[in-house]
Amino acid sequence: MGSINPSHRVNFEAPRSFVSTLKSNCKEIFFPDDPFRQLKNESNSFGKTKKAAKYFIPILDWLPNYKFGLFRYDLLAGITITALAIPQGISYAKLANLPPIIGLYCSFIPPLIYAVFGSSKHVAIGNVAACSLLIAEMLGPDVENNNDNPTLYMNLVFTATFFTGVFETLMGLLRLGFVVDFLSHSTITGFMAGTATLICLQQLKGILGLSHFTKKTDVVSVLRSVFENRSEWKWQSFVIGVVFLIFLEFTRFLKKRKPKLFWVSAIAPMVLIVIGCLFAYFAHAEKHGIQIVGHLHRGLSPVSIQDLNFDSKYLPSTIKTGLITGLVSLSEGIAIGRSFAIMNNEQVDGNKEITAFGLMNIVGSFFSCYLTTGPFSKTAVNYNAGCKTQMSNVVMSMCMMLTLLILAPVFSYTPLVALSTIIMSAMFGLIKYEEIYHLFKVDKFDFLICISCFLGVAFISMDYGLLISVGLALLRTILYAARPTTCRLGKIPNSTLYRDTEQYSGLTRFPGILALQLGSPIFFANSNYINERIFRWIQDEEDLSNSNKQGEVVQHVLLDLSGVTSIDSTGIETLIEMHKTLTAKNIKMAIVNPRRGVMEKMMRAHFVDKIGKGSIFLCIEDAVEACTFLLATDKNQLS
């Protein structure tokens with residue numbers, strides 16, 4: 001098309017082979033962090049094996065260098081999170097309609113597995129409220145509709161936990177951690193807010209001392225059940241619940257005002273449980289209509305591998321529950337681990353975390369545990385208590401073992417109203433009003449995704465709320481992909497920079513030259529739109545020219561493909577057809593800065609031969625200079 005600077009030559013080397021391209025793409029998809037780069041400098045097989053073992057089993061990396069000075073901090077942190085794990089474990093097991101003792105088991109075996117395979121120093125392991133309620137909602141109807149016994153329900157929960165573990169482990173080993181990214185921040189915010197609302201309303205059963213209550217989880221059914229059973233309301237339980245709730249909220253307020261007193265809020269639930277047990281024991285609370293947990297037997301978590309139920313009758317429900325709860329728990333656990341790692345300028349390997357979560361759920365399902373992950377409340381307490389390594393989880397596990405062996409029966413007198421207030425207080429922190437308002441101000445579509453998830457969870461069901469929100473997020477992604485942005489470029493005076501003429505005013509335009517920038521991959525879903533949009537740009541210029549409003553007849557179209565990361569065969573055919581149409585209109589077409597993958601596709605499709613190597617440039621400046629030179633030459637010839 002014209003002479004260009006010799007130092008600005010476009011690379012037209014032969015395309016890579018299919019195998020090389022596939023290998024490169026797979027590496028970027030599954031191994032973006034290049035996890036095995038540390039093995040490159042090892043010459044002997046023993047050294048490679050040792051480093052590989054440290055990578056897959058993190059405890060081999062940090063335990064040999066562990067010092068007693070670190071243990072002091074981990075010991076304090078472990079004891080502190082145990083004080084929180086006991087009341088939360090009992091409370092969240094109640095949410096899942098499981099025996100309270102199972103909630104304590106979840107803080108015994110799984111933390112040991114995580115300490116071996118987990119990569120985060122700060123994550124503390126335990127059960128979570130949202131997944132507990134989700135399990136009850138998804139598995140409860142199967143047992144209820146078949147008039148089966150609680151033992152069957154418990155076995156189905158263990159089976160769903162097993163499938164969760166298998167699902168998470170496979171995701172981690174196959175490097176599929178990016179799947180979690182499909183649960184956007186707005187979806188998680190809405191889901192947590194909706195779940196917290198449901199859980200808070202369900203705690204009215206314990207606070208009001210109701211004996212009969214709906215097993216449905218939507219807001220309408222819960223409120224209807226509360227008011228239909230007004231005759232069961234017990235003022236004694238209500239008064240105790242309000243007092244307990246005020247106490248917990250005061251400790252949370254104190255922690256916000258004076259962060260150094262975080263431990264007051266951390267041990268407040270345990271203090272509440274102790275006070276509640278003493279009150280129930282000495283005041284004979286049951287005689288006054290205040291319900292208690294009931295017998296908790298001593299002993300470590302029994303083996304439950306023989307209780308896993310793979311009956312085809314229940315298999316669809318257990319697999320579905322395992323997949324959905326696994327995805328939700330992963331999104332929370334990984335996000336929390338990364339958040340606290342960032343605070344210490346550290347990095348957490350998401351795929352290793354997923355594998356660790358999966359293994360601890362598989363093993364947990366063999367020892368009477370249900371789904372566990374890295375809860376925010378325990379992790380925050382663990383971090384604030386000064387934990388240094390994963391040893392704090394080991395300490396928590398040992399403390400929980402002593403509790404199960406010695407102290408478990410003491411908690412039999414725990415009033416249900418105390419558990420309800422602990423759950424309700426914890427849920428208040430999950431409704432992020434400021435984040436929801438921030439989404440409304442920044443991005444209305446994100447706000448719509450958040451609210452749709454909140455309303456879906458609150459008024460339909462938790463799984464449908466998630467599906468609605470994820471569906472809207474995918475629809476948004478499709479719209480972005482199918483209707484990518486294009487812009488006309490102009491030159492910033494006294495520079496070689498070209499920017500969007502609609503974003504920046506006073507840019508220099510070159511008569512007869514239309515420089516456009518494409519900002520997305522070109523593929524079958526958007527190629528026709530891109531073709532139409534480019535010709536609309538040309539038509540707009542012609543309309544301006546006809547009305548004498550600074551427009552010029554377009555003689556050169558420059559397509560800046562620096563933002564086009566990939567192109568498929570439909571996109572190539574679109575460029576070929578576009579070139580033919582522009583040539584028929586006496587308009588020359590040029591390509592600017594195509595990426596390596598795009599250039600290779602163009603060469604394989606012989607598009608480069610059709611358009612000519614002289615019409616492909618490294619930068620906009622070179623292309624504009626070449627076009628200006630041709631326009632001047634044509635003008636001189638006409639004159």
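Our structure is the block above this text.
Residues numbered from 1 in each chain as written. Predicted model: local features only at pLDDT ≥ 70, side-chain atom pairs only at ≥ 80, totals over all residues. Heavy atoms only, no water.

A. Quick peek at the pairing of strand β4 (residues 556–560). Counting buried positions over the five residues of β4 gives five, a clear majority of the element. Examined bridge by bridge, strand β3 (residues 513–518) and β4 share five bridges and lie parallel to one another. Within β4, the residue paired with Ile513 across the bridge is His556. For β4 and strand β5 (residues 588–592), the ladder comprises five bridges, and the chain directions are parallel. Each residue of the ladder has a partner; that of Asp560, found in β5, is Val592. The parallel pair β4 and β5 is bridged by helix α23 (residues 569–584), and the resulting crossover is right-handed. (Buried < 20%, exposed > 50% of the residue type's maximum accessible area, 1.4 Å probe, protein only. Helix = DSSP H or I, 4+ residues; strand = E, 2+ residues; numbered from the N terminus. Pairing = 2+ DSSP bridges. Right-handed = clockwise from strand over helix to strand, strands pointing away.)

B. Summary view of unusual backbone geometry. For Asn97, which is not glycine, the phi dihedral falls at a positive 60°. As for its position among the elements, Asn97 is in the loop between α4 (68–95) and α5 (100–105). The phi torsion at Asn593 lies on the positive side, around 50°, for a residue other than glycine. Among the residues examined, Asn593 registers a relative accessible area of 28% and is labelled partly exposed.

C. Representation of the packing of helix α13 (residues 262–282) against helix α18 (residues 416–428) within the structure. The geometry of α13 relative to α18 is characterised by a closest axis approach of 9 Å and an angle of 165° between their N-to-C directions. Judged by the angle between their axes, α13 and α18 are roughly antiparallel. α18 is crossed by α13, and the crossing has right-handed handedness. In this structure, α13 uses Pro269, Leu272 and Ile273 to contact α18, whose residues at the interface are Ala418, Leu419, Thr421 and Ile422. Broken down by class, the residue content of the contact of α13 with α18 amounts to six nonpolar, one polar and no charged. (Axes fitted to C-alpha atoms, helices over the stretch in contact; angles between N-to-C directions. Parallel < 35°, antiparallel > 145°, perpendicular 65-115°, else oblique. Left-handed = near helix turned anticlockwise from the far one by under 90°. Contact = heavy atoms within 4.5 Å. Nonpolar A, V, L, I, M, F, W, Y, C, P; charged D, E, K, R; others polar.)

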